[in-house]
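Chain by chain, the residues run as shown.
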Amino acid sequence: TAMLGGTCLGFANVTAPGPVAVVAAAGTGAQEAMSLLDRWGAGVSHVIGLGGRDLSARVGGTMARSALHALAGDPRTEVVLLVSKPPSPEVAREVLPAAGRKPIIAALLGLPGGLDVPDTVTLATTLEAGVVATLAALGVQAPDPAAGLRDQVAREIAALPAQRRLVRGLFSGGTLCYESLVLLSEHLGPVYSNTPLDPDLGLPAPAGSHTCLDLGEEEYTKGRPHPMIDPQARIELLREQGTDPDVAVIILDVVLGYGAHADPAAELAPVCAEITAHGGPLVVVYVLGTHGDPQGFDAQRQAFTDAGCVVTETAARASLAAAAIARRDPGLCEVQL
């Protein structure tokens, strides 16, 4: 995932030019950042994909150092938004000064705390918070990503049978799955996954557990296209989870832009409608994209709304809405990130 000087490479979204560069050791993390920046009025100068392991101790931040050094001298870039899972502390100390005095917002998903950073660096622990902090650095007020969500979730909870308590995340984006694991774990306790936060939380999960699946991992893509291109694997799992009487809510991320399916809502929304119409679990959908994306951002969101889904403004809010539904606590939708 990259966008260099306005030219998109691989999976990427259509954004207006602007003063923020995104440097990301995370594919859908880069797409979430660039899309929110565009939708919330900032615009993007470049998106530089690093590879997911770049900030690990083994790799040592080679690409991040090069990217930040280049952006330090780029007159189009006023602020850098760095997206990653928590880096090696030693690598972070070596890499972050490469941007010189240019402000960096470091959205390090699930950061445990205690990371020593230069005074030019602001830390955030979710993609949403990273974009909000980036806008603040530019003097731009972000919209409220939770607006109206609490009331909508409260209405949906009122009709949900008491035995439905479990969360199922069916993700096409690995970064979005990781962020969801972090947020759900904070509010629900252990969440099992094929990409777990802790090795002890790997699959198979015990009965009665919350689970999130990254369907872009090799076990789901061997011999078939990535789920951002072909939704069939998710449709199979969506129907399966939609008939489980213990599942309260299913989370879906729907990624738009270059490289993605031409009309994912046409494939996924009818299945969501089947589930919601027959008394199944609630479906929370986050559509990742911009108004310039070829699939049509508003039309995609409307299709899922018409199918009876809860449609959120950010990926983080989808996970918080799911936690709120599972706990029957609408106030979780408004948690400050």
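Residues numbered from 1 in each chain as written. Predicted model: local features only at pLDDT ≥ 70, side-chain atom pairs only at ≥ 80, totals over all residues. Heavy atoms only, no water.

### Digging into the nonpolar core
- By size, the foremost hydrophobic cluster in this structure holds 60 residues, and its most contacted members are Leu37, Leu81, Val83, Val153, Leu184 and Ile325.
- Of the residues forming this core, the biggest block, 8 residues, is contributed by helix 11 (residues 315-327).
- With residues near it in sequence (within four places) discarded, Ile325 still touches Val153, Ile157, Leu160, Ala248, Val249, Leu282 and Val284.
- Counting 25 residues, the second-largest nonpolar core is a separate cluster that includes Leu238, Ala269, Phe297 and Cys309. (Core = buried A, V, L, I, M, F, W, Y, C linked by side-chain atoms within 4.5 Å. Buried < 20%, exposed > 50% of the residue type's maximum accessible area, 1.4 Å probe, protein only. Helix = DSSP H or I, 4+ residues; strand = E, 2+ residues; numbered from the N terminus. Contact = heavy atoms within 4.5 Å.)

### Let's talk about the sheet that holds strand 9 (residues 191-193)
- What the 6 strands build is an open sheet, ordered 9-10-8-11-12-13; its pairing is parallel. With one partner strand each, in any of the chains shown, strand 9 and strand 13 (310-312) form the two edges of the open sheet. Averaged over all pairs of adjacent strands, the angle between strand axes in this sheet comes to 20°, irrespective of strand direction.
- Sheet topology places strand 8 (residues 166-171) next to strand 10 (residues 210-214); 4 bridges connect them, and they run parallel. Paired with Arg168 across the strands is Thr211, a residue of strand 10.
- Packed on one face of the sheet, helix 1 (residues 27-39) meets strand 11 (247-255) and strand 12 (282-288) and runs near 75° to strand 12.
- This element, helix 6 (residues 174-188), spans strand 8, strand 9, strand 10, strand 11 and strand 12 of the sheet and lies at about 170° to strand 10. (Pairing = 2+ DSSP bridges. Axes fitted to C-alpha atoms, helices over the stretch in contact; angles between N-to-C directions.)

### Comments concerning the pattern of salt bridges
- Tallying each qualifying case throughout the model produces 11 salt bridges.
- When the shortest N-O distance is used, the salt bridge between Arg76 and Asp74 registers 3.4 Å.
- Its relative accessible area of 51% is what places Arg76 among the exposed residues.
- Measuring nitrogen to oxygen at the nearest pair gives 3.4 Å for the salt bridge that ties Arg239 to Glu274. (Salt bridge = Lys/Arg side-chain N within 4 Å of Asp/Glu carboxyl O.)

### Considering empty space enclosed by the protein
- One pass over the structure, following the stated rule, counts 3 cavities of 30 Å³ or more.
- Residue lining of the largest cavity: Ser172, Pro227, Met228, Pro231, Arg234, Val254, Val255, Ala260, His261, Pro264 and Leu268, and that is the complete set.
- Mapped onto the lining of the largest cavity, the elements with two or more residues apiece are strand 11 and helix 9 (264-277).
- Among the residues making up the lining of the largest cavity, the classes are represented as 8 nonpolar, 2 polar and 1 charged.
- Its volume calculated, the second largest cavity comes out at about 40 Å³.
- The set of elements that each furnish at least two residues to the lining of the second largest cavity consists of helix 3 (89-95) and strand 6 (104-108).
- Grouping the constituent residues of the lining of the second largest cavity by class yields 8 nonpolar, no polar and no charged. (1 Å grid on protein atoms, 1.4 Å probe; cavity = no way out; pocket = protein on both sides within 12 Å on 5 of 7 lines; lining within 4 Å. Points joined across faces, edges and corners; volume = space filled by probe spheres on them. Nonpolar A, V, L, I, M, F, W, Y, C, P; charged D, E, K, R; others polar.)

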